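# Topology and contacts: notes
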Amino acid sequence: MTDDHMVFPDFTADEKMELENIKTYKKDLLDDIQKLKLEIDKIMEEILSFKSGEENKALEKSKRFSNGKKKFNMDPKKGINYLVEHKLLDRSPQVFAEFLYKEEGLDKTAIGEFLGEREEIHLKTLKAFVDLHEFSDLNLVQALRQFLWSFRLPGEAQKIDRMMEAFATRYCNCNADVFQSADTCYILSFAIIMLNTSLHNPCVKDKTTLERFISMNRGINSGENLPDELLEKLFESIRNEPFKIPEDDGNDLTHTFFNPDREGWLLKLGGRVKTWKRRWFILTDNCLYYFEFTTDKEPRGIIPLENLCVREVSFARKPYCLELYNPNSPGRKIKACKTETDGRVVQGKHQSYTICAANAEERDLWIKAIRASITKDPFYDLVSVRKKKVINQTPHDRPIQNP
């Protein structure tokens, strides 16, 4: 029997009325509860929808950020502009610097390219980037290891000049009592980088000795000598452990050859018995690389073009030849290296390199491209001018160090 059909024979009229009121109140209360449940369900749906929307926004933001990093690795300026346009980065040198310094997955060659530009925003970003490095209580080699691992130095001398000057200034600010001036730090830093190349590049036969390293750095501390103990410590550090240069694609050299100045099949004259061998040549970064096959990841030989010249020559039955030679040291071996069949890297034995193209037009295009790529050592002038300045300084000229 339901409440609606219950009979209350012993209840008075007032009691019956009260019961009816309770029944009505109960019904209204159940209706309200049902309405609340529906409202709660609706709100929960809205909350879930909002969360889903926020998750989708976060996911979309993450995808755009990842896309921006990929764009940066292919073209640093376009990548940064993309991130700014999508409000993922503020257009601020400090923000750019922290992005370059802290963000994982960035191509370190692209970082170096962005930092090397000369526009105001790039110069300020370079300073902010260098200031993120903490060099306090590090010797110069330790500081250089940290600095040169954070990006890859570009090839242009003027860009390297700006970067190394920023490094020297920062190092001296962190270690005020080590050098008389930032110029000293700048010169010694280049000397250390060149020492690293001398000691650990298999193509360099004449290795720098400790005595020569000390001698070449005489007088660079505003006309005074640096302590021999300091120079010996730096020398030993480099001799025991070369700089680790960032390789964005591991040991694969394909990134180096991604956008060459010129590439193609040529004939190269070489071997104990002089014979012509077909090789795939790639011209990039002031070096001429040659491979046995286009699919090879590592070259059979590398010919650095610094201080070399190229000219047209002709051989019997090979009329479209060019020759690489050293005009300042005729008869001396060109500094180059090659990979033997057993995998050993050895110094090349050529006093000149003779290469043959398929026709006159191709030969002339190769000569033009090689001449455009050939430069004298771009760092010699940078360092020598500054070195001359500090060696010739008198005590009166020396900068006063901040206390």
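Refer to the structure above for everything that follows.
Heads up: these notes are all about the structure in this document.

Here is what the cut-offs are and how they apply
- Residues numbered from 1 in each chain as written.
- Predicted model: local features only at pLDDT ≥ 70, side-chain atom pairs only at ≥ 80, totals over all residues.
- Heavy atoms only, no water.
- Salt bridge = Lys/Arg side-chain N within 4 Å of Asp/Glu carboxyl O.
- Helix = DSSP H or I, 4+ residues; strand = E, 2+ residues; numbered from the N terminus.
- Buried < 20%, exposed > 50% of the residue type's maximum accessible area, 1.4 Å probe, protein only.
- Pairing = 2+ DSSP bridges.
- Axes fitted to C-alpha atoms, helices over the stretch in contact; angles between N-to-C directions.
- Polar contact = N/O pair within 3.5 Å; in protein donor to acceptor, adjacent residues only side chain to side chain.
- Contact = heavy atoms within 4.5 Å.
- Parallel < 35°, antiparallel > 145°, perpendicular 65-115°, else oblique.
- Left-handed = near helix turned anticlockwise from the far one by under 90°.
- Nonpolar A, V, L, I, M, F, W, Y, C, P; charged D, E, K, R; others polar.
- Core = buried A, V, L, I, M, F, W, Y, C linked by side-chain atoms within 4.5 Å.

### Description of the pattern of salt bridges
Opposite charge on two side chains permits pairing when their charged atoms draw close. In total, this model carries 17 salt bridges according to the counting rule given. Of the charged contacts in the structure, one is a salt bridge between Glu 117 and Lys 159, with a shortest N-O distance of 3.5 Å. Of this pair, Glu 117 sits in the loop between helix H4 (108–116) and helix H5 (120–131) while Lys 159 is found in helix H7 (residues 157–174), placing the two residues 42 residues apart along the sequence. In this structure Lys 159 comes out as buried when scored by relative accessible area, which is 14%. In this structure, Glu 292 and Arg 300 form a salt bridge, with 3.1 Å as the shortest nitrogen-oxygen distance. In this structure Glu 292 comes out as partly exposed when scored by relative accessible area, which is 31%. Assessed through its relative accessible area of 22%, Arg 300 is described here as partly exposed. Here the residues in one salt-bridge network are Asp 161, Glu 165, Asp 183 and Arg 386, joined through shared partners.

### Structural notes on the pairing of strand S6 (residues 318–325)
Each regular strand carries side chains that alternate between the two faces of the sheet. With six bridges joining them, strand S5 (residues 309–315) and S6 adopt antiparallel strand pairing. Among the inter-strand pairings, Val 313 is bridged to a residue of S6, identified as Cys 321. As paired elements, S6 and strand S9 (residues 352–356) share five bridges and run antiparallel to each other. When the bridges of S9 are listed, Cys 321 appears paired with Cys 356.

### Regarding the sheet that holds S5
In spatial order, the strands read S5-S6-S9-S1-S2-S3-S4-S7-S8; together these nine strands make up an open sheet with antiparallel pairing. Edge positions in the sheet fall to S5 and strand S8 (345–347), since each of these pairs with one other strand and no more. Between one strand and the next, the sheet's axes are offset by a mean angle of 35°, whatever the strand orientation. Where strand S1 (residues 262–270) meets S9, two bridges bridge the pair, whose relative direction is antiparallel. Its bridge partner lying in S9, Leu 267 is registered against Cys 356.

### Quick look at the side chain of Asn 221
Summarising the element assignment, Asn 221 is placed in the loop between helix H9 (210–216) and helix H10 (228–240). A relative accessible area of 8% places Asn 221 in the buried class. At 2.8 Å, the side chain of Asn 221 and the backbone nitrogen of Gln 180 are in polar contact. Other than its neighbours up to four places away in sequence, Asn 221 contacts Phe 179, Gln 180, Thr 184 and Leu 226.

### Comments concerning the packing of H5 against H7
H7 packs onto H5 with a crossing angle of 40° between their chain directions and a minimal axis gap of 10 Å. With respect to H7, the axis of H5 lies oblique. Here H5 runs over H7; the crossing is right-handed. Every residue of H7 that contacts H5 at Leu 123, Leu 126, Val 130 and Asp 131 is listed here: Arg 162, Met 163, Ala 166, Phe 167 and Arg 170. Counted by class, the contact of H5 with H7 contains six nonpolar, no polar and three charged residues.

### Points about the nonpolar core
With 62 residues, the main nonpolar core has Phe 72, Leu 100, Leu 140, Met 164, Phe 167, Leu 188 and Ile 192 as its most contacted residues. Not counting residues up to four positions away in its chain, the partners in contact with Leu 100 are Phe 72, Leu 106, Ile 111, Phe 114, Leu 115, Thr 125 and Phe 129. In terms of nonpolar packing, the next biggest core, distinct from the first, is built from 21 residues, Leu 283, Leu 288, Val 310 and Trp 366 among them.

### Regarding the packing of helix H3 (residues 93–102) against H5
Two elements in contact, H3 and H5, have axes whose closest approach is 8 Å; the angle formed by their N-to-C orientations is 55°. Between H3 and H5, the angle falls in the class oblique. At the point where H3 passes H5, the crossing takes the right-handed sense. Between H3 and H5, the contacting residues are Pro 93, Gln 94, Phe 96, Ala 97, Leu 100 and Tyr 101 on the first element and Ile 121, Lys 124, Thr 125, Ala 128 and Phe 129 on the second. In terms of residue class, the contact of H3 with H5 is made up of eight nonpolar, two polar and one charged.

### Structural notes on the environment of Gln 94
For Gln 94, the location among the structural elements is in helix H3. In this structure Gln 94 comes out as partly exposed when scored by relative accessible area, which is 38%. For Gln 94, the contacting residues outside a window of four places in its chain are Ala 128 and Leu 132.

### Thoughts on unusual backbone geometry
Although it is not a glycine, Asn 307 sits at a positive phi angle of roughly 70°. In this fold, Asn 307 is placed in the loop between strand S4 (301–304) and S5. Of note in this structure, Arg 317 is not a glycine but carries a positive phi near 65°. You can see Arg 317 is positioned in the loop between S5 and S6. Judged by its relative accessible area of 82%, Arg 317 is exposed.

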